[in-house]
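Residue-level structure breakdown
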Amino acid sequence: MRAAVLRGGTVEARIVDDPVPGPGQLLVRSLACGICASDLHFMDHPEAGADDDSGMSTYDQDVDIVMGHEYCAEVVDYGPGTERRIPVGTRVSSLPVLSTAAGRRIIGQNPDSPGGFGEYLLLTEAVTRVVVSDLPSEVVCVADAISVGWSTASRARVMSGEVPLVVGCGAIGLSVIARLRHLGVGPVVAVDFVAARRETARAMGADVVVDPAGVSPFRAWRDVAEGSAGPARDLMAAVTGLPGCVVFECVGVPGVLDSIIKGCERGTRIFSVGGPPEGERLHTLTAKRKGLNVQFGGGPSMTDWDEAFEAVCSGGLDVGPLLGGTVGLDEVPAALDAARDANGPARIVVVP
């Protein structure tokens with residue numbers, strides 16, 4: 001098959017062997033696959049893959065890897081021991097985890113589990129979902145990106161006495177905003193240096209957008225919180241006179257989470273989704289003094305993934321504001337570079 005292949009730190013389109021479905025696996029044809037910041041982190045930080053003792057995400061610079069974990073695909077064939085419940089030719093997607101004889105592998109981040117930047121890939125039949133929608137595959141493939149922020153916002157369980165602050169308006173931050181809006185939570189304050197992303201955040205449901213180059217995000221949050229204070233407050237709000245603060249860190253750059261710890265209100269709940277591959281140094285004593293609660297990512301549950309997938313496929317959640325152009329396999333290297341530009345769209349989609 002043709003694929004955009006990562007090897008030795010660079011990506012090029014060439015011919016590689018077709019994947020062969022094993023027990024419980026489906027062979028599918030990639031119809032569309034989004035370029036995610038995780039793809040960039042994976043190729044730019046091979047040490048992170050080398051340090052993953054789970055074996056789920058492994059970067060060997062001397063081996064071909066086909067990235068791409070946000071896909072819409074079409075069933076082509078079945079491996080042994082499958083139920084064959086999904087007919088050949090059906091459009092599908094799945095949580096990007098492949099079950100193999102050697103263990104679970106993240107699709108697109110392991111030599112054993114090629115992703116959607118190639119013509120074919122493998123899926124685990126048990127977690128594969130049928131696309132019940134007339135929407136284009138280029139839209140459906142964004143569901144996995146939505147599921148990450150969707151799951152985080154759901155787990156946060158933002159209460160009526162709290163005001164959320166979303167820091168970073170890439171695809172994950174935007175999906176957090178969309179889920180908060182879907183849950184009826186507000187006002188939502190969104191922060192990003194890039195004007196285009198702030199406008200996209202507004203389109204996805206943010207009530208207030210903030211340029212941190214001109215205004216402190218925490219000053220902006222306080223201004224909103226003071227205006228939204230009402231009778232429904234938790235214990236901290238009763239003490240401080242303000243609603244509680246729930247921060248969603250969706251940047252993934254070293255120093256951002258620590259700046260939140262140093263700048264946020266006492267009693268803030270922080271959900272860190274960004275996770276810089278090179279790690280982060282935190283002022284834990286400051287966090288202790290402020291009584292902060294910090295929870296780290298973990299990825300979406302199957303239930304949250306299914307809910308996000310259904311919301312996108314049904315059209316109940318409009319992901320149009322996230323989408324940019326589409327590219328073919330030969331254009332993937334240039335598209336990866338373009339995806340590094342914060343002024344570009346939240347998603348460029350590869351159509352093999």
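Scroll up to find the structure this text is about.
Residues numbered from 1 in each chain as written. Predicted model: local features only at pLDDT ≥ 70, side-chain atom pairs only at ≥ 80, totals over all residues. Heavy atoms only, no water.

So, about the side chain of Asp192. Its place among the elements puts Asp192 in the loop between β12 (189-191) and α6 (195-204). Of the buried charged residues, Asp192 lacks a salt bridge, with Arg197 as the closest side chain of opposite charge at 4.6 Å. A polar side-chain atom of Asp192 sits 2.8 Å from the main-chain amide nitrogen of Cys169. Ignoring any residue separated from it by four or fewer positions in sequence, one finds Asp192 in contact with Gly168, Cys169, Gly170, Arg197, Arg198, Val210, Asp211 and Pro212. (Helix = DSSP H or I, 4+ residues; strand = E, 2+ residues; numbered from the N terminus. Buried < 20%, exposed > 50% of the residue type's maximum accessible area, 1.4 Å probe, protein only. Lys, Arg positive; Asp, Glu negative; His and termini not counted. Salt bridge = Lys/Arg side-chain N within 4 Å of Asp/Glu carboxyl O. Polar contact = N/O pair within 3.5 Å; in protein donor to acceptor, adjacent residues only side chain to side chain. Contact = heavy atoms within 4.5 Å.)

Taking 1.5 Å per residue as the helical rise, helix α4 (residues 143-156) with its 14 residues ought to reach 20 Å, and the 20 Å between its terminal C-alpha atoms agrees with that figure. Burial analysis of α4 places 12 of its 14 residues in the buried class, which makes it a mostly covered element. Buried within α4 are the following residues: Ala143, Asp144, Ala145, Ile146, Ser147, Gly149, Trp150, Ser151, Thr152, Ala153, Ser154 and Ala156. Note on α4: the residue one or two positions beyond its end, Arg157, has a positive phi of about 50 degrees. (Expected span 1.5 Å × (residues − 1).)

Core analysis: the biggest nonpolar cluster contains 47 residues, and Ile146, Ile177, Leu180 and Phe248 have the highest contact counts within it. Leaving out residues up to four positions away in the same chain, Leu180 has contacts with Ala153, Val158, Pro164, Val166, Val185, Val188 and Phe248. In terms of nonpolar packing, the next biggest core, distinct from the first, is built from 39 residues, Val5, Tyr71, Val92 and Ile107 among them. (Core = buried A, V, L, I, M, F, W, Y, C linked by side-chain atoms within 4.5 Å.)

The packing of two helices is summarised by the inter-axis angle and the distance between the axes. Helix α5 (residues 171-182) packs onto α4 with a crossing angle of 55 degrees between their chain directions and a minimal axis gap of 7 Å. Here α4 is positioned oblique relative to α5, judged by the angle of their axes. Regarding α4 and α5, the two cross each other, and that crossing is right-handed. Within the contact between the two elements, α4 uses Ala145, Ile146, Val148, Gly149, Trp150, Ala153 and Ser154 and α5 uses Ile172, Ser175, Val176, Arg179, Leu180 and His182. Looking at the contact of α4 with α5 residue by residue, the class counts come to 8 nonpolar, 4 polar and 1 charged. (Axes fitted to C-alpha atoms, helices over the stretch in contact; angles between N-to-C directions. Parallel < 35°, antiparallel > 145°, perpendicular 65-115°, else oblique. Left-handed = near helix turned anticlockwise from the far one by under 90°. Nonpolar A, V, L, I, M, F, W, Y, C, P; charged D, E, K, R; others polar.)

Attention shifts here to the sheet that holds strand β2 (residues 10-15). Ordered by their spatial adjacency, 3 strands build an open sheet running β2-β1-β4, and the pairing between neighbours is antiparallel. The sheet is open, and its two edges are formed by β2 and β4 (65-66), each paired on a single side. With 6 bridges connecting them, strand β1 (residues 2-7) and β2 associate as antiparallel partners. Paired with Val5 across the two strands is Glu12, which belongs to β2. (Pairing = 2+ DSSP bridges.)

Right, let's talk about the pairing of strand β9 (residues 120-124) for a bit. The side chains of a regular strand alternate between the sheet's two faces. Among the 5 residues of β9, 5 are classified as buried, and the element is accordingly described as predominantly covered. As paired strands, strand β3 (residues 25-34) and β9 are joined by 5 bridges and run antiparallel to one another. Across the sheet, the residue bridging to Gln25 is Thr124, located in β9.

Overall, parallel pairing links the 6 strands, which are arranged β13-β12-β11-β14-β15-β16 in an open sheet. With partners counted over all chains shown, the strands left at the sheet margins are β13 (208-210) and β16 (293-296), one partner each. Strand after strand, the sheet turns through a mean of 20 degrees between neighbouring axes, direction not considered. Inspection of the sheet shows strand β11 (residues 162-167) paired to strand β14 (residues 244-249) by 6 bridges, in the parallel sense. By the bridge assignment, Val167 is partnered in β14 with Glu249.

Bringing helix α12 (residues 332-339) into the picture now. Taken together, the buried positions of α12 are Val332, Ala335 and Leu336. Taken around the axis of α12, the buried residues stretch over an arc of 105 degrees, which confines them to a single face. For α12, the exposed residues set more than 90 degrees away from the buried face come down to Ala334 and Asp337. Against β1, β2, α1 (37-44), β17 (323-327) and β18 (347-350) lie the buried residues of α12. (Arc of directions from axis to C-beta.)

Shape descriptors only; they carry no functional weight alone.
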